[in-house]
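Given next are the chains, with one letter for each unit.
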Amino acid sequence: MIDSQPVETVQAYKTMQVELARVDDAFHFEAVGMSGVTQHIDAATDIGGHNAGARPMEMLLMGLAGCSAIDIVLILKKQKQVVDDFRMKVDGMREKDATPSPFKKIHITYLFKGQLDPEKVKRAIDLSMDKYCSATAQFRPSTDITYSFEIN
C-alpha cells in the first residue's frame, strides 16, 4: 500500500517535493520541482509513448551527471582552474529482461577543454564522486560506478 500523505517536514531533514501531471491519454507527463522548472517525461514509442520527454531512467543518469558536474565546476573554480568547455558522457548498464531493471554499472567519462592541471581535475572528480555528490551516494549501494576523464 502506498502512503498518500505528504512527507513530514522535520528539522533533521532537507525536504524536496515534485509534482507530476499527465499531459495526454498515453504516457506523456510534466513534472515540476521546487525550482519551478518543468520537465517532460514520456515512455518509449514501442509501448505507446510519443517520445515527448526523457525516460525516467534517463533522468536518473542526467541527475547523476548534473550533480557531479556542479560539484566539479565549483571545485575547479576554487582551485583557480579555467574550464573552457565541459561535457560528460554517462553510460548506464541494466540487466536485460529483468523487472525491475535497475542500473548495475555506470561509467562516467568527463570531457574537459582548457589549460587544466590534470591532478586538480582528478582531485575534483574524486571529491565529487567520493564525498559531495548526493546522486552518487544514492546509486552506490547497488551500482558499480566507474569514471575516467580527458583534457583536450
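A brief look at the structure comes next. (Residues numbered from 1 in each chain as written. Predicted model: local features only at pLDDT ≥ 70, side-chain atom pairs only at ≥ 80, totals over all residues. Heavy atoms only, no water.)

1. Concerning the pattern of salt bridges
Here is step 1: Here the structure, examined in full by the defined rule, presents four salt bridges.
Here is step 2: In this structure, Lys104 and Glu95 form a salt bridge, with 3.7 Å as the shortest nitrogen-oxygen distance.
Here is step 3: A relative accessible area of 37% means that Lys104 is categorised as partly exposed.
Here is step 4: A salt bridge links Asp130 to Arg140; the nearest nitrogen and oxygen atoms lie 3.7 Å apart. Taken as a pair, Asp130 in helix α2 (residues 118-132) and Arg140 in the loop between α3 (134-139) and β6 (144-151) lie far apart in primary sequence, 10 residues in all. (Salt bridge = Lys/Arg side-chain N within 4 Å of Asp/Glu carboxyl O. Buried < 20%, exposed > 50% of the residue type's maximum accessible area, 1.4 Å probe, protein only. Helix = DSSP H or I, 4+ residues; strand = E, 2+ residues; numbered from the N terminus.)

2. Let's talk about the side chain of His28
Here is step 1: By the element assignment, His28 lies in the loop between β1 (18-22) and β2 (29-33).
Here is step 2: In this structure the side chain of His28 is engaged in a polar contact, spanning 2.7 Å, whose partner is the side chain of His40. (Polar contact = N/O pair within 3.5 Å; in protein donor to acceptor, adjacent residues only side chain to side chain.)

3. Some details on the layout of surface pockets
Here is step 1: In this structure, the largest pocket occupies an estimated 760 Å³ of space.
Here is step 2: Taken together, 20 residues line the largest pocket, and the ones lying closest to its centre are Met16, Val18, Gly33, Gln39 and Met59.
Here is step 3: For the lining of the largest pocket, the secondary structure elements donating two or more residues are β1, β2, β3 (38-41), α1 (56-78) and α3.
Here is step 4: By residue number, the principal contributor to the lining of the largest pocket is α1, which donates four residues.
Here is step 5: Residue composition of the lining of the largest pocket, by class: 13 nonpolar, seven polar and no charged. (1 Å grid on protein atoms, 1.4 Å probe; cavity = no way out; pocket = protein on both sides within 12 Å on 5 of 7 lines; lining within 4 Å. Points joined across faces, edges and corners; volume = space filled by probe spheres on them. Nonpolar A, V, L, I, M, F, W, Y, C, P; charged D, E, K, R; others polar.)

4. Structural notes on the nonpolar core
Here is step 1: One finds Leu64, Ile72, Ile106, Ile108, Tyr110, Phe112 and Ile125 to be the most contacted residues of the largest nonpolar core, which totals 23 residues.
Here is step 2: Contributing elements (two or more residues each) for this core: α1, β5 (103-113), α2 and α3.
Here is step 3: For this core, the element with the highest residue contribution is α1, accounting for seven residues. (Core = buried A, V, L, I, M, F, W, Y, C linked by side-chain atoms within 4.5 Å.)

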